[in-house]
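Residues per chain, in single letters:
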Amino acid sequence: MKKKRTASKILWVLSILTLIFLWAPMILIIVFSFSNNKYGSSWEGFTLKWYLKLFTNDQVRDALMRSLIIAGVTVVIATLIGTITAYGLYKLNFKGKQFLRTSILLPIVFPSVVTGSALLVFFTRFLHIPLGYPSIIIAHIVFCSPLAVFIILGRMQRFDWSWEEAALDLGATPFRTFLRVTGPQLLPAIMASAMLIFPWSFDDFVITYFVAGVGSTTLPIYVFSQLRFGATPVINTIGTLFVSVTMLGLLLVYLMQKRTKTGS
Amino acid sequence: MPVLDEVPASQSQAKKREKRKLALDMTAYLSPIIIIVVVFVFAPLAIILFFSFLKSGPYGEIIYTFTFENVGAMLGGGYGKIFLQSVYLAFQTNFLCILFGYPIAYYITRFGGKWKTLWIFMIIVPSWSSYLIRLYALKTLVGTKGTINSLLINLGIISEPIQILYTNFAVTMALVFAWLPFMILPIYAALEGLDRSVLEAATDLGATPFRRFFRVTLPLTRGGLLAGSILVFIPTVGEWLVPSIFGGSKIMMAGSLVAHKFTAVGNIPQGSSLAIMLAATLILILYLTIKWGGREALEKAL
C-alpha cells in the first residue's frame with residue numbers, strides 16, 4: 001500500500017511539472033499584459049494602459065473584424081458541406097468510396113506550407129483570383145470542410161437511424177425527413193463541428209499568410225508582423241484575451257454538456 | 001413461358017433505376033466535396049508539380065523550359081539533409097511527447113479523482129489556444145532578453161544571457177511544448193477505456209506493477225499512442241513556425257525551407273519542387289500509417 005502511495009506521488013510531481021511547462025509561458029504573458037514594462041517582458045507595476053491601447057488600435061480592430069468575418073463565413077459553408085458530405089458518405093455505397101475518403105483526408109494531413117503554397121500558385125498563376133477575402137475564404141473552406149466531414153461522420157456512426165426510417169415509412173419526403181427528423185438529430189454533431197472549425201479558421205496563420213496578399217491582415221498575421229518588429233505588450237494583451245475566450249468557450253461547452261446529460 | 005421472361009427484364013430495369021438514383025444522390029451529396037478535392041487540392045498540386053520542372057529567372061519570373069535542375073538540387077544539395085533532419089526531429093518530438101505525456105495521462109486516469117475534469121481542462125485549453133500566441137509566449141520566456149535570462153542576470157547568477165534561442169534544444173522544446181497536449185489527450189482516452197478487471201487479473205496472477213504496466217497496460221493503450229503519434233508526428237514534419245521562430249536561420253526544417261523559397265526568395269519553381277517533395281514525404285508516411293495502424297485509427301485520431 002505504501003509503495004503505491006510513493007508511486008502516485010512521483011507521478012503527481014511529474015504531472016505538475018508537465019502542467020507548469022505547458023502553462024508557465026501563457027501565465028507569464030497574462031501577467032506581463034498588466035505590467036508597466038514597455039517591452040512586455042518583466043514586471044514593473046500594474047497598469048491597464050496596454051488594454052486601452054489595444055482597444056483604440058485601428059489596425060487591431062480591422063484585423064479582428066477581418067478574422068471574424070472569414071471565420072464566420074468559413075464555419076457556415078464548411079459545416080454545410082461537411083454535413084451533406086458526411087451524410088452521403090454514410091448512406092451511399094459506391095466504387096471509389098475509400099479513395100474519396102482518403103482524398104478528403106489529404107487537406108487535413110498535408111503540411112500547411114504545402115497547401116498554402118500550392119493554393120497561392122494556383123490562385124495567382126492559374127485562376128487569377130484577387131488575393132484577399134476571396135482567396136482566404138476559399139483556402140479556409142478547403143482545409144476546414146474535410147475536418148467537418150470527419151467530425152460529423154464520426155458522430156453519425158453512433159446514431160439511431162430508426163427514426164429516419166420510420167419517417168420515410170410513414171410517407172415523409174426525403175427532404176422533409178431531413179429537415180424535420182435527421183437534421184434536428186444531427187444538430188449536436190453540427191454544433192460540435194462548428195465549435196471546432198471556428199478556432200481552426202480564426203487561428204490559422206500559415207495558409208492565410210500565403211494566400212492573403214498585401215493589405216489583408218488577419219489577427220494572426222498582425223501578431224506575426226508585430227513579432228518581427230520585436231515583442232510589444234499589446235501582443236500580451238491579445239494573448240490574454242485569446243486564452244480567456246478559449247477558456248470561456250470550453251467552459252460553456254462543458255456546462256452545456258452537463259445540462260443535457262442531467263436533463264435526459 | 002412469357003411470365004418468366006418478364007421477370008429479368010423488370011429486374012434489370014429496377015437495377016437501372018437504382019443506379020440512376022445512386023448517381024443522382026451522389027451528385028446531390030458529394031459534388032461539393034469532390035469539387036473541393038479535385039479543383040482546390042489535386043489541381044493546385046498538379047500545377048506545382050508542373051512548375052517544379054521549370055526554372056526561375058533572375059527577377060523571380062518563370063522561364064518555361066523543362067529542366068531537372070530543382071530535382072537535382074534537392075537530391076544532391078543540402079536540401080535532402082534538411083528533409084531528413086525534419087523527419088528526425090518529428091520522431092524525437094513524438095518520442096518525447098510520449099515520454100512526458102504518458103505519466104500525466106496515467107496519473108489523471110488513476111489518481112485524478114474529483115480533480116479529473118480540472119486536469120483535463122488544463123490540458124485542453126492549451127491545445128485550443130492560438131498556436132502562434134503560445135509560441136510567442138514561449139519565446140518571451142526563453143529569449144535572449146527573455147524572462148529566464150533577465151531573472152538570472154538580476155539574481156547575479158550569470159552575467160551574460162544564455163543563448164537558448166536558435167539552438168537544437170530550443171527547437172525541440174518548442175515542438176514538444178506545441179504538440180504535447182495532442183499526445184496526452186488520446187492516451188488519456190485510451191487509459192480511461194481500459195477494462196480495470198484485466199489489470200486486477202494481472203495483479204492476482206502475480207504480476208509486479210512494473211511487469212503489469214509493460215505487458216498489459218501499455219499494449220492495451222496502443223490505439224491511443226498511435227492516435228497521438230498521428231496527431232503529433234504528421235504536423236511536426238512540415239513545421240514552419242517553430243523552426244523560423246526558435247531556429248532562426250541556423251536550424252531549418254522542410255516546412256521553413258518551402259516557406260523561405262516562396263515568401264522570401266520568391267523562387268516559385270524551387271519552392272514548388274520542395275513542396276512536392278514534402279507532400280510526397282507526407283503521403284508516404286500516411287500510407288505507412290494506414291498500412292500499420294489501419295484507416296480507422298487515422299480517422300478516429302481526428
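Residues numbered from 1 in each chain as written. Chains lettered and ligands numbered in written order. Predicted model: local features only at pLDDT ≥ 70, side-chain atom pairs only at ≥ 80, totals over all residues.

1. Quick word on unusual backbone geometry
Of note, the phi angle at histidine 128 of chain A is positive, near 55°, even though the residue is not glycine. Classification of histidine 128 of chain A by C-beta neighbours within 10 Å gives exposed; the count is 7. Despite not being glycine, tyrosine 166 of chain B has its phi angle at roughly 60°, a positive value. Residue position: tyrosine 166 of chain B is located in the loop between helix H6 (147-154) and helix H7 (168-192). (Buried ≥ 20, exposed ≤ 12 C-beta atoms within 10 Å, placed from the backbone. Helix = DSSP H or I, 4+ residues; strand = E, 2+ residues; numbered from the N terminus.)

2. Re the confidence of the model for chain B
Residues and elements named next belong to chain B. In the predicted model, chain B carries a mean pLDDT of 84, and the fraction of residues at 70 or more is 90%. The weakest mean pLDDT in chain B belongs to helix H14 (residues 295-301) at 61; the strongest belongs to H7 at 92. What the predictor reports for the complex is a pTM of 0.87 with an ipTM of 0.86. (pLDDT = per-residue confidence, 0-100.)

3. Section: helix H7 (residues 162-169) of chain A
Within H7 of chain A, only 0 of the 8 residues are buried, which leaves the element largely exposed. One or two steps after H7 of chain A, the chain reaches glycine 171 of chain A, where phi turns positive at roughly 100°.

4. Some remarks on the confidence of the model for chain A
Residues with a pLDDT of 70 or more make up 95% of chain A, whose mean pLDDT is 86. Least confident of the elements in chain A is helix H11 (residues 233-263) of chain A, whose mean pLDDT is 82; most confident is helix H9 (residues 206-211) of chain A, at 93.

5. Observations concerning the environment of proline 107 of chain A
With respect to the helices and strands, proline 107 of chain A occurs in helix H4 (residues 97-109). Linking proline 107 of chain A and proline 146 of chain A, residues 39 residues apart in sequence, is a C-alpha distance of 7.1 Å. Apart from the residues within four sequence positions on either side, proline 107 of chain A is in contact with Thr115, Val142, Phe143 and Pro146 of chain A together with Val41 of chain B. (Contact = placed C-beta atoms within 7 Å.)

6. Some details on the interface of chain B and chain A
Counting from both sides, the interface comprises 67 residues of chain B and, opposite them, 65 residues of chain A. No other element matches helix H1 (residues 2-51) of chain B, which puts 17 residues into the side of chain B that touches chain A. Tallied by class, the residues present in the side of chain B that touches chain A amount to 53 nonpolar, 10 polar and 4 charged. (Nonpolar A, V, L, I, M, F, W, Y, C, P; charged D, E, K, R; others polar.)

7. With respect to the nonpolar core
Leu135, Ala174, Val258 and Ala275 of chain B are the most contacted members of the largest nonpolar core, which has 143 residues in total. Per element, the largest residue contribution to this core is 16 residues, and it comes from H7 of chain B. Each of domain 1 (2-51) and domain 2 (77-301) of chain B contributes no fewer than three residues to this core. When neighbours within four sequence positions are excluded, valine 258 of chain B is seen to be in contact with Val113, Val114 and Ser117 of chain A together with Gly271, Leu274, Ala275 and Leu278 of chain B. (Core = buried A, V, L, I, M, F, W, Y, C linked by C-beta atoms within 7 Å. Domains from an automatic or database assignment.)

8. What about the packing of H7 of chain A against helix H8 (residues 174-203) of chain A?
All names here are of chain A. Put simply, H7 and H8 touch, their axes get as near as 10 Å, and they point 170° apart. By the angle between their directions, the pair H7 and H8 is classed as roughly antiparallel. On the side of H7, the interface is formed by Trp163, Glu164, Ala167 and Leu168, while H8 contributes Thr177, Val181, Thr182 and Gln185. In terms of residue class, the contact of H7 with H8 is made up of 4 nonpolar, 3 polar and 1 charged. (Axes fitted to C-alpha atoms, helices over the stretch in contact; angles between N-to-C directions. Parallel < 35°, antiparallel > 145°, perpendicular 65-115°, else oblique.)

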